[in-house]
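Structure at a glance
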Amino acid sequence: MISKVDVVASLLKDKNCDTPVMPSASVFSPTNIALIKYWGKRNQELNLPVTSSLSVSLNQKGTFTELSIIDSDHDVVYLNDNEITEDTEFYQRIVAFLNLIPRRNKFFMIKTRSTIPTAAGLASSASGFAALTTALDKLLGWKLTLTELSILARLGSGSACRSLWHGFVEWQEGKDEDGMDSYGQPLPYAWPELRVGLLIFSEQTKPIGSRVAMQTTVETSPFYPLWPSKVANDLVSIKKAIVAKQFDNLGFIAESNALAMHATMLTAWPPINYSLPETLTTMKTVWSLRRDGIPVYFTQDAGPNLKLLFLEENTNDIARVFPEMEIVEPFTRRPAA
Ligand code: PMV
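Heads up: these notes are all about the structure in this document. (Residues numbered from 1 in each chain as written. Predicted model: local features only at pLDDT ≥ 70, side-chain atom pairs only at ≥ 80, totals over all residues. Heavy atoms only, no water.)

With the rule as written, the count across this model stands at seven aromatic pairs. Here the aromatic rings of Phe97 and Phe129 are separated by 5.3 Å at their centres, their planes lie at 65°, and the arrangement is edge-to-face. Of the two residues, Phe97 is situated in helix α2 (residues 89–98) and Phe129 in helix α3 (residues 124–139); the sequence distance between them amounts to 32 residues. Of the residues examined, Phe97 reaches a relative accessible area of 5% and is grouped as buried. When the centroid spacing of 6.4 Å and the interplanar angle of 85° are considered together, the rings of Trp191 and Phe247 count as edge-to-face. Residue Trp191 is found in the loop between β9 (184–186) and β10 (194–199), and its partner Phe247 is found in helix α7 (residues 247–266); the two are separated by 56 residues along the sequence. (Phe/Tyr/Trp six-rings, centres within 6.5 Å; stacked < 30°, edge-to-face > 60°. Helix = DSSP H or I, 4+ residues; strand = E, 2+ residues; numbered from the N terminus. Buried < 20%, exposed > 50% of the residue type's maximum accessible area, 1.4 Å probe, protein only.)

Attention now goes to empty space enclosed by the protein. Going through the model one piece at a time under the given rule, you end up with one cavity of 30 Å³ or more. A volume near 40 Å³ is recorded for the largest cavity. Every residue along the wall of the largest cavity is listed here: Val8, Leu12, Phe97, Leu100, Ile101, Thr133, Leu136, Trp142 and Leu152. Grouping the constituent residues of the lining of the largest cavity by class yields eight nonpolar, one polar and no charged. (1 Å grid on protein atoms, 1.4 Å probe; cavity = no way out; pocket = protein on both sides within 12 Å on 5 of 7 lines; lining within 4 Å. Points joined across faces, edges and corners; volume = space filled by probe spheres on them. Nonpolar A, V, L, I, M, F, W, Y, C, P; charged D, E, K, R; others polar.)

Neighbouring the ligand are 14 residues, the closest being Tyr38, Ser157, Ser159, Arg162 and Ser210. Within the contact set of the ligand, an oxygen atom lies 2.9 Å away from a backbone nitrogen or oxygen of Tyr38. Measuring from an oxygen atom of the ligand, one finds a side-chain N or O atom of Arg162 at 2.7 Å. Here the ligand, which alone exposes 380 Å², has 93% of that area covered by the protein. Per-class residue counts for the shell around the ligand are six nonpolar, five polar and three charged. (Near = heavy atom within 4 Å. Polar contact = N/O pair within 3.5 Å; in protein donor to acceptor, adjacent residues only side chain to side chain. Areas by Shrake-Rupley, 256 points an atom, 1.4 Å probe, with all protein chains shown as cover.)

In the sheet, strand β4 (residues 53–70) pairs with strand β7 (residues 107–114) via eight bridges, with the strands oriented antiparallel. Looking across to β7, one finds that Phe64 is bridged to Arg113. Where strand β5 (residues 76–79) meets β7, four bridges bridge the pair, whose relative direction is parallel. Along β7, the bridge assignment pairs Val77 with Ile110. (Pairing = 2+ DSSP bridges.)

Quick look at the structure:
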C-alpha cells in the first residue's frame, strides 16, 4: 500500500526540507464550505474520496499561519495566541503532518490564528492544512504548483485540498492509486451577489470527528450505496446552475445534497446525528421563509451549525429573521483582516 510518506517523497524529490529561505513565512488560506459534500474515503491513508465534491471558499474566513524554524527539540504550536500542549489532537495532527517531510531534526514554530471556530463543523482543518502547506512551500522555497500543494494539503485533511483557492472549487476524486490525480481545481465563475450566512449554535468540539463518522457511514449505512450516484448527478446540475447563475437551482441542489449526506449518517450504526434542537428549528424557519417567497437555502457539515445560502438582494429579509447571523461575501475581494 502507498503511504503518505511515499507521496510526499515523490512531490518533494530534490527539494530543500530543512533550511529556510526567509526568517518566517506568513500566509492566509480561506476555509471552504462544500455545496456538494465529500463524505467517504476510498483510501483512508491518503484521504482519497469516494466521490468528487464542490465548494465555495469563504473569503476572509480562514486561517493565518506564520511558520519559522526554531532552535528547539520539539515543534511549538500556537492557536490564537495560546500555546497548544502536546497532548492535544490539534498539536498531534500538525506534528504528524510535519513529520511527513524529511526535515532532519529541524523543528518548527507554527503560529495560527483562525477567524472561524475550530472543529465546529466549519471546516477549520481545511484552511489550517491549506495554510500550513502554503507556509511550508514559502518558508522552504519549494515553489510547488497549486495542484501539488493541493495534493499535499489533502494528506492533512481531505477538504483542505479545496482551500488553496478562493471562489468555487471542484475536487476531482481521481482514479490513481497514489492520488496524484485527486486535487482541487478552481472553477472560472464568479458570483458576486452570492452570500453565505453563518449560524453558529455551538462552538464546542464535535462529539465524533469526520474521519470516524465517514468510515462508520461507509461501512454500515444501507443508504451509502446510493450516495455516489446522488453526488454525480448533483455535481452536473450544480455546475449548470453556477454557469447560468440560477440561484434556486444552486440552493436546492446544495440543501438536498447536505440532507442526503446527513441521511446516510442517521442510518449508520451506531447512528450519527450532528444536529442540535436549534439546527432543526432553523431548518424549519428556512423552509417557512421559502414558502413565503424568500429564496434561502441551508447546508450543514459535520457539526450542528448551518450555513445559509442567499443572494445580496434578500439580505435584509433574512438578516431580520437571523440577527445573529454572520454574513460572508465569497466573491468580494478584500484583504483578510
Ligand atoms: O476533510 P474533513 O475530514 O474535515 O471532512 C469534511 C467533511 C464535510 O465537511 C462534512 C464535507 C466537505 O466536503 O467538506
